[in-house]
Amino acid sequence: EIGAFVAAVSDLIGLDGKVGADEEVRQRIARRLRPFLDHVVPDRLVTLEIVLPDNWTQSHIIGPSNQGGIISQVVCMGEHLAEDGAMVKPYISGKHRVSMNTVFSAPEGWLVVSDIDDTVKITRTYEDLGMLQTTFAEEPQPVDGMPELYSHIQSELRPTWFYVSASPYNLYPFLHEFLHTHYNPGTMILRDFSWRDPTSLLKSLTEHTQEYKVDRAEKIHGWFPRRWAICIGDSTQKDPEAYAEIYRKHPDWVQAIFIRKVTGPVNMVDRNKPERFKEAFKGVPDHIWKVFEQPDEVYNLIDELGKRDITSELTSSK
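For clarity, every value in this text was computed on a predicted model and none was experimentally measured.

## Description of the overall build of the protein chain
Thought 1: Looking only at helices and strands, the protein chain has 12 helices and 12 strands in total.
Thought 2: For the protein chain, the spread of C-alpha atoms along the principal axes amounts to about 65 × 55 × 30 Å.
Thought 3: The buried share among the 318 residues of the protein chain stands at 47%.
Thought 4: The contacts of the protein chain with a sequence gap of at least 6 include a subset with a gap of at least 24, amounting to 68%.
Thought 5: Counting only carbon and sulfur atoms, one obtains 51% of the accessible surface of the protein chain, whose full area is about 16300 Å².

Right, here's the structure in full:
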């Protein structure tokens, strides 16, 4: 009975006396909770149909799904060539046909690895109740100035976008709608779990986030080792430490690291101390990383990156 879960979440975040009188909020909580209660299907094979630009269709069997119902797999298209930026619309065939947009990316160019929570979306990961309220009860709000900054990055660099969050895949519909409303579409990578308990969201967003972010960045590097990466995160969790670790492993890949300093909450004072950032970025050149409070502090740095010729630099380094 989803009503019981709605009541439990409402009570936890202090809306128990209000939610009964606000049907819109109650329906919103129920809608966000539904993916946490859906049945998870492991060991499932599905058929992926890819309609290529020349109207030739490829069929691929992918899976099996893991215990969380997740499939993560590389699909080889053989000798077929697709231009950089070409878009196709693959679909999962079967009783419930589901389609998606896929944009092909060339081996060379720019890419952005972006955190979601408190980097581009106000989540308040620094407090448990605030995190639950913004996730289940409120309409999602973008961080001031970040949609404009990402639009500028898109116009200057034309990157491939990866949004990496420690949220479980239960929140994929919610986060997908938010990103496609306010930001450039891209690949969203979440934790490979489908939690049946909504309170596990707190654990997902706060435990072992550095190891998780590094692991996912390594996966992205494996897909596009010759693209240049820009890593964008915030100071609430372990983004500085994770991105610095990735730089040390792949200094020729990571070209810039931008960390949004989340100010205001008392418990963020220690996390925002200069000593924290100096320690996190030990061994990382100063011109690679920047901590900013307002997005407009980053525009000139993006413009400088846009002046570089990635093709000629890669050729000269071979």
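## A short note on the pairing of strand β8 (residues 160–168)
Thought 1: Among the 9 residues of β8, 9 are classified as buried, and the element is accordingly described as predominantly covered.
Thought 2: Burial along β8 is two-sided: the face carrying Thr160, Phe162, Val164, Ala166 and Pro168 and the face carrying Trp161, Tyr163, Ser165 and Ser167 are both buried.
Thought 3: Where β8 meets strand β9 (residues 187–191), 4 bridges bridge the pair, whose relative direction is parallel. Within β9, the position partnered with Phe162 by the bridge is Thr187.
Thought 4: In this fold, the crossover linking β8 to β9 by way of helix α6 (residues 172–182) has right-handed handedness.

## Observations concerning helix α9 (residues 239–249)
Thought 1: Most of α9 sits out of view: 8 of its 11 residues are buried.
Thought 2: Along α9, the residues classified as buried are Asp239, Pro240, Glu241, Ala242, Tyr243, Ala244, Ile246 and Tyr247.

## Here's the deal with the sheet that holds strand β7 (residues 110–115)
Thought 1: The parallel open sheet is built from 6 strands, whose spatial order is β9-β8-β7-β10-β11-β12. On the outer flanks of this sheet lie β9 and β12 (289–292), each paired with one strand and no other. Taken pair by pair, the neighbouring strands of this sheet meet at an average axis angle of 20 degrees, ignoring direction.
Thought 2: Where strand β11 (residues 254–260) lies against β12, 4 bridges are found, and the strand directions are parallel. Paired with Arg260 across the strands is Phe292, a residue of β12.
Thought 3: Taken strand by strand, helix α11 (residues 299–306) contacts β7, β10 (228–234), β11 and β12, and its axis lies near 170 degrees from that of β11.

## Details of the environment of Gly94
Thought 1: The topology assignment puts Gly94 in the loop between β4 (91–92) and β5 (98–99).
Thought 2: Under the relative-accessibility criterion, Gly94 is labelled exposed at 55%.
Thought 3: It is 9.7 Å that separates the C-alpha atoms of Gly94 and Leu48, two residues lying 46 residues apart in sequence.

## Considerations on the nonpolar core
Thought 1: Formed by 43 residues in total, the largest nonpolar core has its most connected members in Met146, Tyr150, Ile153 and Ile230.
Thought 2: Ranked by the residues each element gives to this core, the list is headed by helix α3 (residues 23–37), at 6 residues.
Thought 3: Apart from residues lying up to four places away in sequence, Ile153 is in contact with Val112, Arg158, Pro159, Trp161, Ile232 and Ile302.
Thought 4: Counting 29 residues, the second largest nonpolar core, distinct from the first, contains Leu111, Ile189, Ala217 and Trp253.

## Some words on the packing of aromatic side chains
Thought 1: Enumeration over the complete set of coordinates arrives at 10 aromatic pairs.
Thought 2: With 5.0 Å between their ring centres and 25 degrees between their planes, Tyr150 and Trp161 make a pair best called stacked. Residue Tyr150 is located in helix α5 (residues 146–157), and its partner Trp161 is located in strand β8; the two are separated by 11 residues in the primary sequence. By the burial criterion, Tyr150 is buried, and Trp161 matches it.
Thought 3: Seen in terms of ring centroids, Tyr169 and Tyr172 are 6.2 Å apart; in terms of plane orientation they differ by 20 degrees. Their pairing is stacked.

## Concerning the pairing of strand β2 (residues 57–62)
Thought 1: Of the two faces of β2, the one lined by Gln58, His60 and Ile62 is fully buried and the one lined by Thr57, Ser59 and Ile61 carries no buried residue.
Thought 2: Where strand β1 (residues 46–51) meets β2, 6 bridges bridge the pair, whose relative direction is antiparallel. Along β2, the bridge assignment pairs Ile50 with Gln58.
Thought 3: What sits between β1 and β2 in their antiparallel hairpin is a turn of 5 residues, with Asn55 showing a positive phi close to 65 degrees.

The rules behind the values
The numbers attached to residues start from 1 for each chain and follow its sequence in the written order. For a predicted model such as this one, the threshold for reporting local features is a pLDDT of at least 70, and the threshold for listing and counting side-chain atom pairs is 80 or more; totals across whole chains, interfaces and linings nevertheless cover every residue. Side-chain metrics rest on all non-hydrogen atoms present in the structure, leaving aside hydrogens and water. In this description a helix means any DSSP run of H or I spanning at least four residues, a strand means any run of E spanning at least two, and both kinds are numbered starting from the N terminus. Remark: exposure states derive from per-residue accessible area (1.4 Å probe, protein chains only) relative to the maximum for the residue type, with buried under 20%, exposed over 50%, and partly exposed in between. The criterion used for residue contact is that any of the two residues' heavy atoms lie within 4.5 Å. Per-residue and other accessible areas follow the Shrake-Rupley method at a 1.4 Å probe size, with only the shown protein chains counted as cover for residues. Any two strands with at least two DSSP-identified bridges between them are counted as paired. Classification remark: right-handed applies to a crossover when, strands pointing away from the viewer, the course from the first strand over the helix to the second runs clockwise. Angles shown run from 0 to 180 degrees and are taken between the N-to-C directions of axes, each axis being a line fitted to C-alpha atoms and, for helices, limited to the stretch in contact. Think of a nonpolar core as a cluster: buried Ala, Val, Leu, Ile, Met, Phe, Trp, Tyr and Cys residues, connected wherever their side-chain atoms sit within 4.5 Å. Here the aromatic set is Phe, Tyr and Trp, taking the six-membered ring for Trp, and pairing holds for ring centres within 6.5 Å; pairs whose planes are under 30 degrees apart are stacked, those over 60 apart are edge-to-face, and all others are tilted.

These figures come from the coordinates and say nothing about function on their own.
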